[in-house]
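One letter stands for each residue in the lines below.
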Amino acid sequence: EIASPNLDAELNGLWGGLIILGNAPISADAASVQIEGIPPSDQNGLYGGTDATDNSGIIRYVSIRHGGANIGEGNEINGLTLGGVGSGTIIENIEIVANQDDGIEWFGGTVNVKNAIIWNAGDDAVDTDQSWGGTLDNFIVVNPGDECFELDGPEGTMVAKHTIMNGTVYAANADGLVDNDPNSNVDMSNVYFRNIKAGQDFDQMPTDYICVFQNLQVTLPEGTVVTDFFKDGSDAFVTVVPMGANTVGADITKFQTWSWAVVSGALNGF
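None of the values given here were measured: they were computed from a predicted structure. (Residues numbered from 1 in each chain as written. Predicted model: local features only at pLDDT ≥ 70, side-chain atom pairs only at ≥ 80, totals over all residues. Heavy atoms only, no water.)

Trainee: What is the right way to look at unusual backbone geometry in this model?
Mentor: Most peptide bonds adopt trans geometry, and most residues besides glycine take a negative phi value. Phi angles above zero are rare outside glycine, and Asn166 is one such case at about 60°. Of note, Thr257 is a non-glycine position whose phi angle comes to about 75°, a positive value. Structurally, Thr257 can be placed in the loop between strand 18 (238-240) and helix 1 (260-263). Judged by relative accessible area, which is 62%, Thr257 ranks as exposed. (Helix = DSSP H or I, 4+ residues; strand = E, 2+ residues; numbered from the N terminus. Buried < 20%, exposed > 50% of the residue type's maximum accessible area, 1.4 Å probe, protein only.)

Structure below.
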């Protein structure tokens, strides 16, 4: 069965999560550091290196559900943690359902992720750190607990840019839309924001690096204007469209037949 027969789609914290650690470059205070949530005494938690094309294998058609349990030194675990994972790794057609912490978090590396659903993350849906240098292409975010995107910049001397493209964001009860830092280093395009509400925002434009935001679309709540949500000049890259009239966003057909979010009807109307 694709949809769970006995667990709620918001139930989280039943186990840890999927952690993949590689030898690709990271931007931190050392070439290799310890992943969050794993005790420093466990050397299996080290990630980072010098091989940008490092290969951690192939992950396809995997639904990661009900994770985020506290498994080490006060840290919850993300649904999918990618620490220093290289571009030789293939990750596509991935679904994260009801994780207590973030949906997917990248810590540096160069890996690309394609066709991803992040549904009911307890914290951020998409979290990027330590100069991840890959691409997230064709994705759906549904109802995260904190930010839809938390996009952090480098923590060391290595600087790389990541790309986020072709996504649909159903913000619902999220605290925010896009949380940038001054040193965030990201290009974002063809993303549709819908079901947003007061208090959610794209908070600031990065200033330390040249970032490109383009072809963003949003459906606004009645009686609001785009600058209520897209701050610091980011409204210049946003087009307001009626619900369902978006011309950018995720290709939903890529998630048919295999994802709980689709077969349960959670994406009806997308």
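That was the structure; now back to the text.
Trainee: Where do I start with the sheet that holds strand 7 (residues 80-83) in this structure?
Mentor: The strands making up a sheet associate through backbone hydrogen bonding, with each pair oriented either parallel or antiparallel. With respect to topology, six strands assemble into an open sheet ordered 1-7-9-11-13-15, the strand pairing being parallel. Each of the sheet's edge strands pairs with one partner strand only, and the pair in question is strand 1 (18-21) and strand 15 (176-180). Across the sheet, the mean angle from the axis of one strand to that of its neighbour is 10°, orientation sign disregarded. Pairing of strand 1 with strand 7 involves four bridges; the strand directions are parallel. Looking at the pairing, Leu21 lines up with Gly83 of strand 7. (Pairing = 2+ DSSP bridges. Axes fitted to C-alpha atoms, helices over the stretch in contact; angles between N-to-C directions.)

Trainee: Would you mind showing me how to read the sheet that holds strand 10 (residues 112-119) here?
Mentor: Across the sheet, which stays open at both edges, the eight strands sit in the order 4-8-10-12-14-16-17-18 with parallel pairing between neighbours. Only two strands of the sheet have a single partner each, and these edge strands are strand 4 (58-65) and strand 18. The average undirected angle you get between the axes of adjacent strands in this sheet is 10°. Examined bridge by bridge, strand 17 (residues 213-218) and strand 18 share three bridges and lie parallel to one another. In the sheet register, Val218 faces strand 18, and the bridge partner there is Val240.

Trainee: What is the right way to look at the pairing of strand 11 (residues 126-129) in this model?
Mentor: The side chains of a regular strand alternate, residue by residue, between the two faces of the sheet. Burial of strand 11 is two-sided: the residues Val126 and Thr128 facing one way and the residues Asp127 and Asp129 facing the other way are all buried. Direction of pairing for strand 9 (residues 104-107) relative to strand 11: parallel, over a ladder of four bridges. If you follow Ile104 over to strand 11, its bridge partner there is Val126. Where strand 11 lies against strand 13 (residues 147-151), three bridges are found, and the strand directions are parallel. Residue pairing in the sheet places Val126 in a bridge with Phe149 of strand 13.

Trainee: What should I look at first to understand the nonpolar core in this one?
Mentor: Most often, soluble globular proteins have nonpolar side chains that are buried together. Of all hydrophobic cores here, the largest spans 47 residues; its most connected members are Leu82, Phe149 and Phe193. For this core, the element with the highest residue contribution is strand 16 (residues 186-194), accounting for four residues. Each residue touching Phe149, except ones within four places of it in the same chain, is listed here: Val126, Phe139, Ile164, Val169, Leu177, Val178, Asp179, Met188 and Phe193. Grouped together as the second largest cluster of nonpolar side chains are 15 residues, Ala9, Val97, Trp119 and Phe255 included. (Core = buried A, V, L, I, M, F, W, Y, C linked by side-chain atoms within 4.5 Å. Contact = heavy atoms within 4.5 Å.)

Trainee: Looking at this model, I keep getting lost on the side chain of Asn115. Mind explaining?
Mentor: Structurally, the position occupied by Asn115 is in strand 10. Aside from chain neighbours lying at most four places away, what touches Asn115 is Glu92, Asn93, Ile94, Asp137, Asn138, Lys254, Phe255 and Trp258.

Trainee: I keep staring at the pattern of salt bridges and nothing clicks. Help me out?
Mentor: For side chains of opposite charge, pairing can occur when their charged atoms come near one another. Taken as a whole and assessed by the stated rule, the structure comprises three salt bridges. Across the salt bridge formed by Glu92 and Arg60, the nearest N and O atoms sit 2.6 Å from each other. Of the two residues, Glu92 is situated in strand 8 (residues 90-97) and Arg60 in strand 4; the sequence distance between them amounts to 32 residues. The salt bridge partner of Lys161 is Asp187, with a shortest N-O separation of 3.1 Å. Here Asp187 lies in strand 16 and Lys161 lies in the loop between strand 13 and strand 14 (162-170), a separation of 26 residues in the sequence. (Salt bridge = Lys/Arg side-chain N within 4 Å of Asp/Glu carboxyl O.)

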